[in-house]
Every structure is written in structure tokens, then in C-alpha cells.
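Below are the chains, spelled out letter by letter.
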Amino acid sequence: MKDRRGGFTLVEIIVVISIIMVLAAMIIPGLAKGQYLSKKAATKSEISNMETALALYESDYGAYPEDDEDNYSSKKMVDALNGKTEEGQPRKKTYYPFKKKQFNKDGEYYSVFNQPFYYQENASVTPKPEDMKNPDTFIIWTSDGKNIKDVKNKDGPNINNWD
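Residues numbered from 1 in each chain as written. Predicted model: local features only at pLDDT ≥ 70, side-chain atom pairs only at ≥ 80, totals over all residues. Heavy atoms only, no water.

**Remarks on the pairing of strand β2 (residues 138-142)**
This is how it is decided: Note on exposure labels: buried denotes an accessible area under 20% of the residue type's maximum, exposed denotes more than 50%, and partly exposed covers the range between, all computed with a 1.4 Å probe on protein chains only. Each helix corresponds to a stretch of at least 4 residues labelled H or I by DSSP, and each strand to a stretch of at least 2 residues labelled E; elements are numbered beginning at the N terminus. A pair of strands is considered paired only if DSSP assigns at least 2 bridges between the two.
Burial analysis of β2 places 5 of its 5 residues in the buried class, which makes it a mostly covered element. Residues F138, I140 and T142 of β2 are buried on one face, and the alternating residues I139 and W141, pointing to the opposite face, are buried as well. Relative to β2, strand β1 (residues 118-121) runs antiparallel, the two sharing 4 bridges. Looking at the pairing, E121 lines up with F138 of β2. Direction of pairing for β2 relative to strand β3 (residues 159-160): antiparallel, over a ladder of 2 bridges. Note that in β3 the partner of W141 across the bridge is N160.

Here it is, written out as C-alpha cells:
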């Protein structure tokens, strides 16, 4: 009788590895899309929460925080909602608990896509008044990092509060 060891042949191992690779190739793109959609939903939710905080701020002060007219940075809005005056002094009330890990070194607040949020007060004429939920108040926008044309000037912002 032959002494035969149990085990798998090289061909069997290659077939199993090939099947695993084909399955992984089908599953991984779906996981990446799910992660993207999750980040986009989180960013839209964050914009919605900022809208609520801005409404509370407006009810207390009678106006929305000023924007930075030069580049629509969200820094002044973030400071106001974070309980700071324009001079950097603390207020009695904080309107929104911003996540510290999402600030860059210049104090700008970034989305989970690592893109800055932009804010414009009294935005009744841009981008399209008929598309906005809240004309004559404010707009907040950012990008997902994929469709960046000129997001600062609202050319292609794909995450915003007006649609």
C-alpha cells in the first residue's frame, strides 16, 4: 500500500484563492460606496444641526452671525455658535457643540470629507433663490472632495442646505 498524506493539492488551493478574490472584488466597492453615503449623510445632518443652532442664535440676538465677506469662511459663524463674541470673549451660551477634531490649525471647521464648511449670511440672491429653503437668511455648504470646481463660490457644492 502507498503511504498517502492527507492535504490539498496546489490546484485546489489556487481555485479557492481565486474564488475568494472574485468575491472580494464584488464586495469591496459596495463597502466603499456605503462609507461614502454614510459620510455624506453625516455631513448633511451636521449642516441641519448648524441650521437649528443658527435659528436659536437668531432668536436670541435678532440676527444671524456675520459672514466673512471675502471668502465665506465659516469661522465667524462657528465662533458665534461656539459661544464667542467677535472679540473672542466667551458668551453665556453655546449653541452648537462643534467637534474639536474637525478644526484645522487656522480654526476653520471641516467636514468628515476634510473639506471646509462655508457660510454666507443674507444669501437671498445666490445660488438660486427659488431652490433655497431659507431665502434672505443664510446658506451653508461644503464639498465631498470629489466634485471640487470652485466650491468657495458655490460652483459645484454638492452638500448644502438649499436642496
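**Quick word on a nonpolar patch on the surface**
The cut-off we apply is this: Note on patches: the residues involved have over 30% relative accessible area and no salt bridge, like charges join within 9 Å, and the nonpolar side chains Val, Leu, Ile, Met, Phe, Trp and Tyr join within 5 Å. Accessible areas in this description were obtained via Shrake-Rupley with a 1.4 Å probe; residue shielding takes into account the shown protein chains only. Salt bridge, as applied in this entry: a Lys or Arg side-chain nitrogen positioned within 4 Å of an Asp or Glu carboxyl oxygen.
A cluster of nonpolar side chains, namely V11, V15, I19, V22, L23, M26, I27 and L31, defines an oily patch on the protein surface of about 790 Å² accessible area. By the secondary structure assignment, V11 is in helix α1 (residues 10-61).

**Considerations on the nonpolar core**
The following threshold applies: Buried Ala, Val, Leu, Ile, Met, Phe, Trp, Tyr and Cys residues that are joined via side-chain atoms within 4.5 Å together make up what is termed a nonpolar core. Any two residues whose heavy atoms approach within 4.5 Å at even a single point are treated as in contact.
Counting 21 residues, the largest nonpolar core has M50, L54, M77, L81, F98, Y119 and I140 as the members making the most contacts within it. By residue number, the principal contributor to this core is α1, which donates 6 residues. If we skip the residues at most four places from it in the chain, M50 touches M77, L81, Y96, F98, Y109, F117 and I140. Among the nonpolar cores identified, the runner-up in size contains 5 residues, and Y72, Y118, W141 and W162 belong to it.

**Overview of the environment of T94**
Secondary-structure assignment places T94 in the loop between α2 (75-81) and β1. Taking the C-alpha atoms as reference, T94 lies 5.1 Å from N82; in sequence the two are 12 residues apart. Not counting the four nearest positions on each side in its chain, T94 is found in contact with L81, N82 and G83.

**Here we look at α1**
Because each turn of an α-helix spans 3.6 residues, side chains separated by three or four positions end up pointing in the same direction. The cut-off we apply is this: Given the number of residues in a helix, its expected span is that number minus one, multiplied by 1.5 Å.
Given a rise of 1.5 Å per residue, 52 residues ought to cover 76 Å, and the 75 Å separating the end C-alpha atoms of α1 matches this to within 8%. All of the buried residues along α1 are Y36, T43, E46, I47, M50, E51, A53, L54 and Y57. Contacts from the buried residues of α1 go to α2, β1, β2 and β3. The first or second residue beyond α1 is G62, which carries a positive phi of 80 degrees.

**Some points on the packing of aromatic side chains**
To keep it simple, the criterion reads: When the centres of two rings from Phe, Tyr and Trp lie within 6.5 Å, Trp using its six-membered ring, the rings pair. Their planes under 30 degrees apart give stacked, over 60 give edge-to-face, and anything left gives tilted.
Per the counting criterion, the structure on display carries 12 aromatic pairs. Taking the centre distance of 6.3 Å and the plane angle of 65 degrees together, the rings of F98 and F103 count as edge-to-face. On the basis of relative accessibility, which here comes to 9%, the residue F98 falls in the buried class. With 4.8 Å between their ring centres and 75 degrees between their planes, F98 and Y109 make a pair best called edge-to-face. Of this pair, F98 sits in the loop between α2 and β1 while Y109 sits in the loop between α2 and β1; the two residues are 11 residues apart in sequence, bridging distant segments of the chain. The burial state of F98 is the same as that of Y109; both residues are buried. In this structure an aromatic cluster arises from ring pairing among Y96, F98, F103, Y109 and F117.

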